[in-house]
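If you want the building blocks of each chain, they are given just below.
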Amino acid sequence: MAREAPFAKMNGLGNEIIVADMRGRADRVSPAAAIALNADPATKFDQIMAIHDPRTPGTANYIEIINSDGTMAQACGNGMRCVVQALAAESGQKLFTFETIAGILNAEEHADGMISVDMGVPRFDWQEIPLAEEFGDTSRIELQIGPIDAPVLHSPSVVSMGNPHAIFWVDRDVWEYDLDRFGPLLENHPIFPERANISIALVTASDALTLRTWERGAGLTKACGSAGRPRRSQRGAPRPHRQERHGHRAWWAACDRMARRRPCRHDRTGRVGVFRRFRPGNRRMDARPPGRRLMAVEVVTFGCRLNTYESEVMRREANAAGLGELKDGAVIFNTCAVTAEAVRQAKQSIRKARRENPQARIIVTGCAAQTDPAAFTAMGEVDLVLGNEEKLKAHNYRALPDFGVNDTEKARVNDIMSVTETAGHMVDAIEGRARAFVQVQNGCDHRCTFCIIPYGRGNSRSVPMGAVVEQVKRLVGNGYAEVVLTGVDMTSFGADLPGAPKLGRLVKTILRQVPDLPRLRLSSIDSIEADDDLLEAIATENRLMPHLHLSLQSGDDMILKRMKRRHLRDDSIRFCEDVRRLRPDIVFGADIIAGFPTETEEMFKNSEKIVEECGLTHLHVFPFSPREGTPAARMPQVDGGAVKRRAARLRAAGEAAYRRHLDRLAGSRQSILIERGGLGRTEGFTLAAIECGTPGEIVDATITGHDGARLIASPLARQAA
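Going along each chain's sequence as written, the residues are numbered from 1 onward. Note on the predicted model: pLDDT of at least 70 is required for a residue's local features to be given, and 80 or more for side-chain atom pairs to be given and counted; whole-chain, interface and lining totals, by contrast, use all residues. The basis for every side-chain value is the complete set of heavy atoms in the structure, and neither hydrogens nor water enter the calculation.

Asker: An account of the overall build of the chain is requested, with residue identities and associated values reported.
Answerer: Along its length, the chain carries 18 helices and 37 strands. Across the 721 residues that make up the chain, the buried fraction comes to 56%. A separation threshold of at least 6 residues defines the contact pool for the chain, and within that pool the share at least 24 residues apart is 70%. Element-wise, carbon and sulfur atoms account for 49% of the exposed surface of the chain, whose accessible area totals about 29600 Å². A run of DSSP states H or I qualifies as a helix once it reaches four residues; a run of E qualifies as a strand once it reaches two. Both are numbered from the N-terminal end. For each residue, the accessible area found with a 1.4 Å probe, counting protein chains only, is set against the maximum for its type, and the residue is called buried under 20%, exposed over 50%, and partly exposed in between. In what follows, a contact means two residues having at least one pair of non-hydrogen atoms within 4.5 Å. In short, Shrake-Rupley with a 1.4 Å probe defines the accessible areas, and a residue's cover is counted only from the protein chains shown.

The structure is reproduced here in structure tokens:
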């Protein structure tokens, strides 16, 4: 049930600021609560400044900054002045030291009533801002909007004062530019992996400028202290669009970081709902040590497609935190907890990595680390253990001994059940992959008796549709011909979003708004949750690939009930029949567990038969593996030898079904996405050998036969020649 916290709505130099008092409590303002508050015209805001108890000795409070769209901000000078006014009025104190996600900052209320905030030293390095690609000089980066021969805005200066900020210097009235239109496009430009504030600035005198700003997550704002930092300089004001602005760094560094402003004005008071809980921890950020040589961060991924996607986010965040500069490198293990064997393999790989890289920093994260952090902290080979939420944020990778911070706290694993939203992390590519993965959902609200994953991933939460579409556009723009939507319980998508859109609506929206996407594919789905829009898309959208992987788990009704599944065998058979009528070329894969507790021979035979009854082709067989803490681990177990024999029988049934599938495709024409030299996948996800094409390219071919494991394909272009 939602709880409430007192707040005051204030006006900070034009910004609408809500200051929420979260002291003395362990919860936090959730994105859903922020969005709901902003929807009320009486409490519409630009930022929420949530005042928490201090996390670091020597600081007065930890300040969390939430944008009106529910996303997090790293800094807000005007909002911080409102915080100072509120706390100064309460305590009589004039000097404050705060901590934010961006680090430590100082603030002061002066005798004349003015309030100043030291936002810290501006950051110009492209990795620290951060930017998606290297720029030696961020005073003028190659970025424009508008026609190539007559751009509307171009060549901004880029800096970070806690938030990435791009400033376009112009030579005419800033109100002549349609920032309502250009702001969202520039904020989400691929060059800004964390999005950016966008400003248009006109220098009107040596110590004055006119400024308009589009804030990430907030939109047009009436004021922005960070953008206004370069208002005076020992070198004078820069000239717009001139190459000789070589004094940019010194000019920024010399400006008044203690920008004094009038105090905020109270508009109203009220209460804000809060939902999430967190555990406080040391999040102090120190500067990177100089002189380190750049080294790549190695990420070793186990398990599902979602892990593959998240590994790219982790790689980016770890590099942003400076792990690539460690003298001896870093290896991050993104683990899986589906089976005990997956955990064993991860530990084995960790030990091997330590033997081969004795001085490297080894970090372990993923579902196995989330569900059993003690097992990995006990390993002498491991330097740091991160939870599934912590692994996606750069600041958690900074807390390593090499950075002079926290050489004793080895585990950073918070309660995953407290996480109530999933951010749409932008990635430009999936390393080593010809197809791209896009996360649309995380976590699971179901509690199947055999499954440990909800305890590793938390409850179900969806990525907003707009963020998913933008990610797909970004990947297609980077050359990907196929995108795979992925999640833990993907067919539960949208239940927690406004209007509760379902997966089918998301699929239709992507295909409509990204017309240049050749192939859209779904990862594993729960057939009982498939909605009408999804079935319609399967039937009518040729760009939606004819391949579905089903989470069946068993073909026996009693076992399905003991698993706490939401379907029976007839539901699965009927679903496959219905979809095959809608899309005759559909190909089905499925997960099936062999040897679930209490499974008899007759029950197992029902699972064997469902391979043919559903027309399954790509079978994933799991010998039952009891996971400690799950109800199934306490049920009467099937003999281990019987489990192995049943798994072997299921695999044999799957292999026979797969060979029949290969036989049926002989002589057919197929479009094949090349994955690596000489191999690719058809639209139905069948492996094919083909002697042409580069990874990521789609090649039309005729199937001339198969070798029992893969199709043999002859390119049509070669046949025509």
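Asker: Any details on unusual backbone geometry? Residues and values, ideally.
Answerer: Even without glycine at this site, Gln553 takes up a positive phi of about 75 degrees. Inspection of the secondary structure puts Gln553 in strand S30 (residues 547–553). The class for Gln553 is buried, based on a relative accessible area of 7%. Positive phi, close to 70 degrees, is recorded for Phe685, a residue that is not glycine. As for its position among the elements, Phe685 is in the loop between strand S34 (679–681) and strand S35 (687–689).

Asker: Give a description of the sheet that holds strand S31 (residues 587–594) that names residues and reports values.
Answerer: A pair of strands is considered paired only if DSSP assigns at least 2 bridges between the two. What the three strands build is an open sheet, ordered S30-S31-S32; its pairing is parallel. Both outer strands of the open sheet, S30 and strand S32 (616–623), are each paired with one neighbouring strand and no more. Within this sheet the neighbouring strands show an average axis-to-axis angle of 20 degrees, counted without direction. Note on method: axes are straight lines fitted to C-alpha atoms, helices fitted across the in-contact stretch only, with angles between N-to-C directions ranging 0 to 180 degrees. Packing of helix H16 (residues 601–613) onto the sheet brings it into contact with S31 and S32, and relative to S31 it is tilted by some 170 degrees. Where helix H17 (residues 640–665) meets the sheet, its contacts fall on S31 and S32, and the angle it forms with S32 comes to roughly 165 degrees.

Asker: Please set out H16 residue by residue, giving values where relevant.
Answerer: For H16, spanning 13 residues, the distance from its first C-alpha to its last is 18 Å, which sits close to the expected 18 Å at 1.5 Å a residue. All of the buried residues in H16 are Met603, Phe604, Asn606, Ser607, Ile610 and Val611. Across the axial projection of H16, the buried residues extend over an arc of 155 degrees, all falling on one side. Among the exposed residues of H16, those pointing more than 90 degrees away from its buried face are Glu602 and Glu612. Gly615 occupies a position one or two residues after H16 and carries a positive phi of about 70 degrees. Any helix carries an expected span of 1.5 Å times its number of residues minus one. By definition, the arc is the one covered by directions from the helix axis to the C-beta atoms.

Asker: Please provide a residue-by-residue account of the packing of H16 against H17, values included.
Answerer: Look at H16 against H17: their axes get within 9 Å of each other, and the N-to-C directions meet at 15 degrees. Compared by their axis directions, H16 and H17 come out roughly parallel. Seen from above, H16 lies across H17 with right-handed handedness. The segment H16 lies against H17, with Glu601, Phe604, Lys605, Ser607, Glu608 and Val611 engaging Arg646, Arg649, Leu650, Ala653 and Ala657. Lys, Arg, Asp and Glu make up the charged group, whereas Ala, Val, Leu, Ile, Met, Phe, Trp, Tyr, Cys and Pro make up the nonpolar group; the residues left over, Gly among them, are polar. Of the residues assigned to the contact of H16 with H17, the class counts are five nonpolar, one polar and five charged. Convention used here: angles under 35 degrees read as roughly parallel, angles over 145 as roughly antiparallel, angles from 65 to 115 as roughly perpendicular, and any remaining angle as oblique. Crossing handedness follows the turn of the near helix against the far one: under a right angle anticlockwise gives a left-handed crossing, and clockwise gives a right-handed one.

Asker: For the environment of Ala642, give the residues involved together with the corresponding values.
Answerer: Secondary-structure assignment places Ala642 in helix H17. For the pair Ala642 and Glu601, spaced 41 residues apart in sequence, the C-alpha to C-alpha distance is 9.4 Å.

Asker: Go over the packing of helix H12 (residues 503–513) against helix H13 (residues 532–540), please, and point to the residues and values.
Answerer: One way to put it is that H12 packs onto H13 with a least axis distance of 6 Å and a crossing angle of 40 degrees. On the basis of the axis angle, H12 is oblique to H13. Classified by chirality, the crossing of H13 by H12 is left-handed. In this structure, H12 contributes Leu503, Gly504, Arg505, Val507 and Lys508 to the contact, and H13 contributes Asp533, Leu534, Glu536 and Ala537. A breakdown of the residues in the contact of H12 with H13 according to their chemical character gives four nonpolar, one polar and four charged.

Asker: Could you give an account of the packing of aromatic side chains, naming the residues involved and the relevant values?
Answerer: Whether two aromatic rings pair depends on their centres lying within 6.5 Å, for rings of Phe, Tyr and Trp, where Trp uses its six-membered ring; planes under 30 degrees apart make the pair stacked, over 60 edge-to-face, and the rest tilted. Within the structure shown, the criterion is met by four aromatic pairs. Aromatic pair Phe450 and Phe596: ring centres 6.4 Å apart, planes at 85 degrees, arrangement edge-to-face. Within this pair, whereas Phe450 is found in the loop between strand S26 (441–442) and helix H10 (453–457), its partner Phe596 is found in the loop between S31 and H16, the two being separated by 146 residues in sequence. Accessibility expressed as a relative area gives 0% for Phe596, which makes it buried.

Geometry only, nothing functional implied.
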